[in-house]
Amino acid sequence: MSELTDELTDLGVTQASQRLAARDVSSEELTRAFLERTLALDQGTSQAIGAYLELSAESALDQARAADALLANGDPTAPLTGVPIALKDIFITRDMATTCASRILAGFKPRFDGTVVARLREAGAVITGKLNMDEFAMGSSTENSALGTTRNPWNHACVPGGSSGGSAAAVAARMVPGSFGTDTGGSIRQPAALCGVVGMKPTYGRVSRYGVIAFASSLDQVGPLANSVEDTALLFEAVAGHDPRDSTSIPQPAPDCRGSLHDGAKGLRVGVPGEYFGEGLDPEVEKSLRALLAALEREGASLVEVELPHTEYAVATYYIVATAEASSNLGRYDGVRYGLREGEDGGLTNMYGASRDAGFGAEVKRRIVLGSYALSAGYYDAYYLKAMKVRTLIRRDFDQAFENCDVLLTPTSPDTAFELGSRTDDPLKMYLSDVLTIPCNLAGLPGLSLPCGLDSKGLPIGAQLLAPPLAEPLLFRAARACEELVGFDQRPPEQDLAGGAGK
Amino acid sequence: MKISQAEVRRVATLARVELDDDELESVGRDLNRILDYVAKLDELDTSTVEPTAQVVDFAAPMRTDEVTSKPAPEDAVANAPRSDKNFFVVPNIIE
């Protein structure tokens, strides 16, 4: 690969957008560079990253040429004009295969774009393709994908995290400068942490869920991933804001997150919840977080010990609420109007059962059965209603904590990337990977993960920031302050690409 | 709380998810482990706590009942496994 190509794929979203506006580089050149890099790293060898389910190279180049025409005319350009962006395969995209990494949606090609996709197109983004994920967003490692394996760019024997594993891996490997994922229990933040990138989940209701395949409707949120806080803020602003087609959409426009981005750490009250630094936290992760906290204090932030006493009940609450909602949302996959159909010779009921049996993976089936059980007559009060009440207690903990601090700083994940296959036998162990990210979804708060170091195995460690509802500008400001202090400039080790040969 | 295989089968049938015998056993086992874990919620007294069904604090927004979009019928059946003249075709419902 030429030096020029490497230099182009080093560009972040903001840098690319500036270089394109200055006509320094064309979108076609830039897009081609990212596509070449993707072809070299993503497929073709046993150790390939496998972030993409569908790379739409021809379409991307067409979009790039259209963007170049707009840029050449000096047309008022939207902030992402000509910038390549990739999407988790949970986003409904017109005329592009959309599978949710499930066999049950094999061959499904939507006839419309969801709101986030439409807004990205309006912003001029070049959509390069769809990224791998855990099936129906159920998982923490992307190993539940029915359609392929994604490897962590930092160590190809390890998971990229999940469920937005493809979105995090693609950005970490610089196959694309920015991507989008969804986060229901940590599915943007945890893979961002494991892959050493920035990933953010907005306040519930900030970004439209219209055209986002639903997992758990009271928890799902769309968010961006990129290699810098500034890029992540730009991507968030491009898609956030009220959408009348989503009845849970907050009736406010996107907030300005870049105006106060560089306001710094001075005067920030950073809450440290003891429950997030307890047993089960990898000592190297703790060390890295404590170092960041100390650095913030030196910069003029004040550290405040806070308590979130119901933290230990969050995973249990989540696995009732999310699975219950999922069992309802996934009822639509019945082989009637779209997706896989089997067993029609046995009659309608047989067709439902056979289609869903053939189409859903083991984890999806497990969660549908668990969720249905929690909602069924005789058990609703003991499980679902109980969980909804504990959810209130979890929210209250945060409301109270935020009376004494501006943001919370915690580790994102109790440990770093684990080996592929090492947790697939134990669903409960896998669920506990999300113990630090889940409470934020239950409370509907905005949260962000940024890289704060590497462990002794060379694997990224993520720091998580949580803010009160609607406080994204504050969240990004705190994140930028942390990013400056950490100065994380490491890259995943490059594969040997001499002569175009992978491993 | 122990969930029996019969119970798992009953719920799976309700959810229209066919499970074969191997799956039935492993799903049952996993479910029991998870249900044992979620039983810890019983440690909390929630008798005076209101449930949270939704974290947004506004009611469902309303709009005027008028047609604002007319999706093409061909689009609706574009992904249908079986369709005929813009109808979805399925096996007999009434036997």
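Residues numbered from 1 in each chain as written. Chains lettered and ligands numbered in written order. Predicted model: local features only at pLDDT ≥ 70, side-chain atom pairs only at ≥ 80, totals over all residues. Heavy atoms only, no water.

Visitor: Please set out the interface of chain B and chain A residue by residue, giving values where relevant.
Guide: How big an interface is tends to be expressed through the accessible area that disappears when the partners come together. Contacts between chain B and chain A engage 49 residues on the former and 66 residues on the latter. For the chain B and chain A pair, buried surface summed over both sides reaches about 5200 Å², with 65% attributable to carbon and sulfur atoms. Among the residues chain B hides against chain A, the three largest losses belong to L41, V55 and N79 of chain B. Together they make up 12% of the total. At the junction of chain B with chain A, the criterion picks out 6 salt bridges. The salt bridge involving K40 of chain B is made with E312 of chain A; its shortest N-O contact spans 3.1 Å. Where the side of chain B that touches chain A is concerned, the elements lending two or more residues are α1 (5-14) and α2 (21-38) of chain B. It is α2 of chain B that contributes the most residues to the side of chain B that touches chain A, 9 residues altogether. Looking at the side of chain B that touches chain A residue by residue, the class counts come to 31 nonpolar, 5 polar and 13 charged. (Contact = heavy atoms within 4.5 Å. Buried area = accessible area lost by both parts, 1.4 Å probe. Salt bridge = Lys/Arg side-chain N within 4 Å of Asp/Glu carboxyl O. Helix = DSSP H or I, 4+ residues; strand = E, 2+ residues; numbered from the N terminus. Nonpolar A, V, L, I, M, F, W, Y, C, P; charged D, E, K, R; others polar.)

Visitor: Residue-level account of the sheet that holds strand β6 (residues 221-226) of chain A, with values.
Guide: Residue and element names in this part refer to chain A. The sheet built from 11 strands is open, its strands ordered β1-β3-β2-β4-β6-β5-β10-β11-β9-β7-β8 with mixed pairing. Edge strands, defined here as strands with exactly one partner in the open sheet, are β1 (52-55) and β8 (302-306). Within the sheet, the average angular offset between the axes of one strand and its neighbour, ignoring direction, is 30°. Across 2 bridges, strand β7 (residues 269-273) lies against strand β9 (residues 407-411) in parallel orientation. Looking across to β9, one finds that V270 is bridged to V407. (Pairing = 2+ DSSP bridges. Axes fitted to C-alpha atoms, helices over the stretch in contact; angles between N-to-C directions.)

Visitor: Pulling in residues and values, what's your account of the domain arrangement of chain A?
Guide: Residue and element names in this part refer to chain A. When its domains are assigned, chain A resolves into domain 1 (3-269 + 406-490) and domain 2 (312-389). Using only C-alpha atoms to locate each centre, domain 1 and domain 2 end up separated by 27 Å. Carbon and sulfur atoms make up 69% of the surface buried where domain 1 meets domain 2, a total of about 2300 Å² over both sides. Of all residues in domain 1, I104, M138 and Y431 bury the most surface against domain 2, accounting for 31% of the area lost on that side. (Domains from an automatic or database assignment.)

Visitor: Please give an account of the packing of helix α12 (residues 362-375) of chain A against α1 of chain B that cites residues and values.
Guide: Contact geometry of α12 of chain A with α1 of chain B gives a least axis separation of 9 Å together with a crossing angle of 95°. Relative to α1 of chain B, the element α12 of chain A is oriented roughly perpendicular. Of the residues in α1 of chain B, those in contact with V369, S372 and Y373 of chain A of α12 of chain A are E7, V8, V11 and A12 of chain B. Here the contact of α12 of chain A with α1 of chain B is built from residues that sort into 5 nonpolar, 1 polar and 1 charged. (Parallel < 35°, antiparallel > 145°, perpendicular 65-115°, else oblique.)

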